[in-house]
Amino acid sequence: QVQLVESGGGLVQAGGSLSVSCVASGSIISIDTMGWYRQVPGRQRELVAFITSGGTSNYAGSVKGRFTISRDNAKNTVYLRMNSLKPEDTAVYYCNARTPDTRGILYAFWGQGTQVTVSS
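Parameters and conventions
- Residues numbered from 1 in each chain as written.
- Predicted model: local features only at pLDDT ≥ 70, side-chain atom pairs only at ≥ 80, totals over all residues.
- Heavy atoms only, no water.
- Phe/Tyr/Trp six-rings, centres within 6.5 Å; stacked < 30°, edge-to-face > 60°.
- Helix = DSSP H or I, 4+ residues; strand = E, 2+ residues; numbered from the N terminus.
- Lys NZ or Arg CZ within 6 Å of the ring centre and 35° of its normal.
- 1 Å grid on protein atoms, 1.4 Å probe; cavity = no way out; pocket = protein on both sides within 12 Å on 5 of 7 lines; lining within 4 Å.
- Points joined across faces, edges and corners; volume = space filled by probe spheres on them.
- Nonpolar A, V, L, I, M, F, W, Y, C, P; charged D, E, K, R; others polar.

Novice: Please set out the packing of aromatic side chains residue by residue, giving values where relevant.
Specialist: If you walk through the whole model with that rule in mind, you get one aromatic pair. Judged by centre distance (4.9 Å) and plane angle (70 degrees), the rings of Tyr-37 and Trp-110 are edge-to-face. Here Trp-110 lies in strand 10 (residues 106-110) and Tyr-37 lies in strand 4 (residues 34-39), a separation of 73 residues in the sequence. Over the ring of Tyr-94 we find Arg-45, and its NZ or CZ is 3.7 Å from the ring centre. Across the ring face of Trp-110, the terminal group of Arg-45 is positioned such that the distance to the ring centre comes to 4.6 Å.

Okay, here's the thing in structure tokens:
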């Protein structure tokens, strides 16, 4: 089992910045991709950004140029720096990590979520 613990988040005014981080622990052989998703009530969870173990990142169009994802493989940690925040970025942000078992089969794990609220 893999546990993901998020930290950061909170309340910020529009135009401001915020960072969230997520640490993975447990029975980890390696971590393939790590990423961030977000969800607002009544809507599906959506991808914000992900980053591979090699450092290749990908962003949702709505956050490209404003958010930056990074990771520290030695610390099994992924970060999300959010700049120029907008009220529509308000959501619960979830950390996601894909890790292989001993057979190489990838499993996805989720954090408990952290609230990000952007006031107008």
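Novice: Residue-level account of the layout of surface pockets, with values.
Specialist: Here the largest pocket defines a volume of roughly 160 Å³. Forming the boundary of the largest pocket are Arg-38, Gln-39, Val-40, Arg-43, Gln-44, Glu-46, Ser-62, Glu-88, Thr-90 and Ala-91. When its residues are assigned to classes, the lining of the largest pocket shows two nonpolar, four polar and four charged.

On their own, these measurements won't tell you what the molecule is for.
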